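# Reading the structure
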Amino acid sequence: MGNEMAGKVAVVTGGASGLGAGIVERFLAEGASVAFGDIDVEQGQALADRHGAKALFLPTDVAVTEQITSLIDAAVERFGELDVMVNNAGVSGKMHRSFLDDDLGDFERVMVVNLKAVMAGTRDAARHMKATGGGSIINLTSIGGIQAGGGVMSYRASKAAVIHFTKCAAIELANYEIRVNCLAPGHIRTAIVSKSAHGMDAEQVAKFEAGIRATMRADRPLEREGTAADVAEAILFFAGDRSPYVTGTVLPVDGGTAAGKPLPKKKPKDS
């Protein structure tokens, strides 16, 4: 831990738990002032209380565009500027046995939370950054937006759209020295997976998650499972001063999953 974010002000959506909380805590540890929002008021406020005056929590439902605007405005009012915006909040949508069983009933909510909120957060942050000479915007997508596959089709479509939007925004906002990049985590164990397992009891959810982890483990070259700290480390690269000439980039943090299938393990030779 150093002081890479000293003097910087950051906003993080979905910051009360999971990847978002990891990002908030890493930014604070690096000296930043951080405003973050989430629908989980109890957990979000508890996180802010643990970190004192440099942390500001606001109840925020990113499905309501005005609440994103209010979060960003509150950060600027409290801390004086805005240097970094992390559009992290997301939902997975319902898991179905087959796309043929999908009634698309959650399509609008998934698109609003995963795509429209990212667009609104990017726009509102850029309005402030333009006036102060630039900044860094980081949007969270997923390897599900990079690689084709089955299941949670609305989620996959929304995350693919985030990638294209990020590149478009990077081109337009470059005129104001605003960098826009995208981070694509692989399967990092957070509550978002279990929330897609609708209608399951605790034992079924555990089996569901174990099955997903086993599939992901078989698909990635690096054996170990990723953590929120791995994602926060990559976010820090985009947020700090180590990437001043990087924009429009999509960085997978997935143990190599997007690169390709792992090679079969070699059997040890008989001694």
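Going by the structure above, here's the rest.
Residues numbered from 1 in each chain as written. Predicted model: local features only at pLDDT ≥ 70, side-chain atom pairs only at ≥ 80, totals over all residues. Heavy atoms only, no water.

## Quick look at the nonpolar core
Within the largest apolar cluster, 34 residues are counted, with the highest numbers of intra-cluster contacts made by Val 11 and Ile 137. Taken together, the elements giving at least two residues each to this core come down to β1 (9-13), α3 (65-79), α4 (107-132), α5 (153-173) and β6 (178-185). When residues of this core are assigned to their parent elements, the largest contribution, nine residues, is made by α4. Of all hydrophobic cores here, the second largest spans 29 residues; its members include Ala 10, Ile 235, Leu 236 and Phe 238. (Core = buried A, V, L, I, M, F, W, Y, C linked by side-chain atoms within 4.5 Å. Buried < 20%, exposed > 50% of the residue type's maximum accessible area, 1.4 Å probe, protein only. Helix = DSSP H or I, 4+ residues; strand = E, 2+ residues; numbered from the N terminus.)

## Thoughts on the layout of surface pockets
Estimated volume of the second largest pocket: approximately 210 Å³. Lining the second largest pocket are Thr 122, Arg 123, Ala 126, Arg 127, Lys 130, Phe 165, Cys 168, Ala 169, Glu 172, Leu 173, Tyr 176 and Ile 178. Going through the elements one at a time, α4 and α5 are the ones with two or more residues in the lining of the second largest pocket. Taken together, the residues of the lining of the second largest pocket break down into seven nonpolar, one polar and four charged. (1 Å grid on protein atoms, 1.4 Å probe; cavity = no way out; pocket = protein on both sides within 12 Å on 5 of 7 lines; lining within 4 Å. Points joined across faces, edges and corners; volume = space filled by probe spheres on them. Nonpolar A, V, L, I, M, F, W, Y, C, P; charged D, E, K, R; others polar.)

## A word on the environment of Ala 229
Inspection of the secondary structure assignment puts Ala 229 in helix α8 (residues 228-239). The spacing of Ala 229 and Ala 21 is 208 residues in sequence and 9.8 Å in space, taken between C-alpha atoms.

## Considerations on the pattern of salt bridges
Scanning the entire structure with this criterion turns up eight salt bridges. Between Asp 241 and Lys 8 there is a salt bridge, and its shortest N-O distance comes to 3.3 Å. Of this pair, Asp 241 sits in the loop between α8 and β7 (250-253) while Lys 8 sits in the segment before β1, and the two are 233 residues apart along the sequence. Its relative accessible area of 58% is what places Asp 241 among the exposed residues. (Salt bridge = Lys/Arg side-chain N within 4 Å of Asp/Glu carboxyl O.)

## A few points about the sheet that holds β1
Pairing within the open sheet is parallel, and its seven strands lie in the order β3-β2-β1-β4-β5-β6-β7. One side of each edge strand has no neighbouring strand; the edge strands of this open sheet are β3 (55-59) and β7. Between one strand and the next, the sheet's axes are offset by a mean angle of 15 degrees, whatever the strand orientation. Examined bridge by bridge, β6 and β7 share four bridges and lie parallel to one another. Paired with Leu 183 across the two strands is Leu 251, which belongs to β7. (Pairing = 2+ DSSP bridges. Axes fitted to C-alpha atoms, helices over the stretch in contact; angles between N-to-C directions.)

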